[in-house]
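# Structural features, examined
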Amino acid sequence: MENKKMSFAVDTSSITLRDIMDRQFLELSMRAISTVDPNLNMTHFTKESLYKALPTFKNKPILGFFQNGDFGTHNGTERHDSSTGIDYWKADERILGLIRSEDKVEVVEDPNVKGLYWIQLTCALWTQYAYEQIKRLFDDALKHQQDGKGAKSISVEVDITDYDDTRPDKVLEIKDFMLNGITILGSQYGMAVTPAIQGAAVFIDD
């Protein structure tokens, strides 16, 4: 079975700033992938797939393409290296941080929706190298502090290693996957990127 590469855009939520830049890291927590059926891109992650994927989240990058004061979308091109015969993605995003080995990555049940499960995790951005990106996240989060909406969307990039594509409703049932990275998204052509995984959120920790 051929592996599939997919990305899943998700929402973010609120933060605080002031002394953040005096720290080495900006601490984040995320609800990244859920078992909602289906996602807006007609996929469904099984509960079992969430548990199996947990080890693949460690030491993976948090990325972002930042231009003209805001995040963009996935920026890059598909390339082919004729000397090795390898096809690869030449990314224009910068690595802003990572899910560290000591970060918590776990499956939790949604407190408001019985039977809905999430991969929830902590991660960090390097403050010394991502001031503009952190300030934008902070400013956008403040705008939505009262309404509970996220500051930005993110895209969870995965390699799908086992799936079922025979469902009558054409939903791709994801049975096994591994994380490649998480990209912070902003807008494209003046419009916010629509999240594919409904209700997912990112929090900047105090």
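Counting of residues starts from 1 at the beginning of each chain's written sequence and follows it residue by residue. Local features in a predicted model are, by the rule used here, given only for residues with pLDDT of at least 70; side-chain atom pairs are given and counted only at 80 or more, and totals for whole chains, interfaces and linings are based on all residues. Derived side-chain values reflect all non-hydrogen atoms in the structure, with water molecules and hydrogen atoms excluded from consideration.

Attention shifts here to the pattern of salt bridges. Two side chains that carry opposite charge are able to pair once their charged atoms sit near each other. Salt bridge criterion: a side-chain nitrogen from Lys or Arg within 4 Å of a carboxyl oxygen from Asp or Glu. Taken as a whole, this structure holds eight salt bridges when the rule is applied. The salt bridge partner of Asp110 is Arg31, with a shortest N-O separation of 3.7 Å. Remark: Arg31 occurs in strand S2 (residues 25-34) and Asp110 occurs in the loop between strand S10 (105-109) and strand S11 (117-126); sequence separation between them is 79 residues. Of the two residues, Asp110 and Arg31, both sit in the buried class. Lys135 is paired through a salt bridge with Asp139; the nearest N and O atoms lie 3.0 Å apart. Placement of the pair is Lys135 and Asp139 together in helix H2 (residues 131-143), with a separation of four residues, close to one helical turn. Strands here are runs of E lasting at least two residues and helices are runs of H or I lasting at least four, both read from the DSSP assignment and numbered beginning at the N terminus. Note on classification: 1.4 Å probe, protein chains only; a residue is buried when its accessible area is under 20% of the maximum for its type, exposed when over 50%, partly exposed between these limits.

Attention now moves to unusual backbone geometry. It is generally the case that most residues other than glycine have a negative phi and that most peptide bonds are trans. Pro38 follows Asp37 through a cis peptide bond whose omega is 0°. Its place among the elements puts Pro38 in the loop between S2 and strand S3 (43-45). Unlike most non-glycine residues, Asn68 shows phi in positive territory, near 55°. Summarising the element assignment, Asn68 is placed in the loop between strand S5 (66-67) and strand S6 (70-71). In this structure, Lys170 is a non-glycine residue whose phi angle is positive, near 70°. Locating Lys170 in the fold gives a position in the loop between strand S12 (153-164) and strand S13 (172-185).

As a further point, take the side chain of Asn39. With respect to the helices and strands, Asn39 occurs in the loop between S2 and S3. Whether two residues are in contact is decided by their heavy atoms, any of which lying within 4.5 Å being enough. Those residues in contact with Asn39 that sit more than four places away from it in its chain are His44, Phe45, Ala196, Ile197 and Gln198.

On to the pairing of strand S9 (residues 94-99), then. Every other side chain in a regular strand lies on the same face of the sheet, so the side chains alternate between the two faces. For two strands to count as paired, DSSP must find a minimum of two bridges between them. Judged from the five bridges that link them, strand S4 (residues 60-64) and S9 form a sheet pairing that is antiparallel. What sits directly across from Leu63, in S9, is Ile95. Here two bridges tie S9 to S11, and the two strands are oriented antiparallel to one another. Each bridged residue has a counterpart across the sheet, and for Leu98 the counterpart in S11 is Ala124.

What follows is about the environment of Gly181. Among the secondary structure elements, Gly181 is positioned in strand S13. If near-sequence neighbours (up to four positions away) are discounted, Gly181 is found in contact with Pro61, Leu63, Ser155, Val156 and Glu157.

All right, on to the packing of aromatic side chains then. The description of an aromatic ring pair rests on the distance of the ring centres and on the angle between the ring planes. Within 6.5 Å between ring centres, the rings of Phe, Tyr and Trp (the latter by its six-membered ring) count as paired, and their orientation is classed by plane angle as stacked under 30 degrees, edge-to-face over 60, tilted in between. Applying the stated criterion to the full structure yields two aromatic pairs. Between the aromatic rings of Phe45 and Phe177, the centroid separation amounts to 4.9 Å while the plane-to-plane angle is 70°, which identifies the pairing as edge-to-face. With Phe45 in strand S3 and Phe177 in strand S13, the pair connects residues that are 132 residues apart, well separated along the chain. Note on accessibility: Phe45 and Phe177 belong to one class, buried. We call a charge positioned above a ring when the Lys NZ or Arg CZ atom is no farther than 6 Å from the ring centre and deviates by at most 35 degrees from the ring normal. Lying across the ring of Tyr117, Lys47 places its NZ or CZ 3.9 Å from the centre. Between Arg100 and the ring centre of Phe25, over which it is positioned, the NZ or CZ distance is 5.1 Å.

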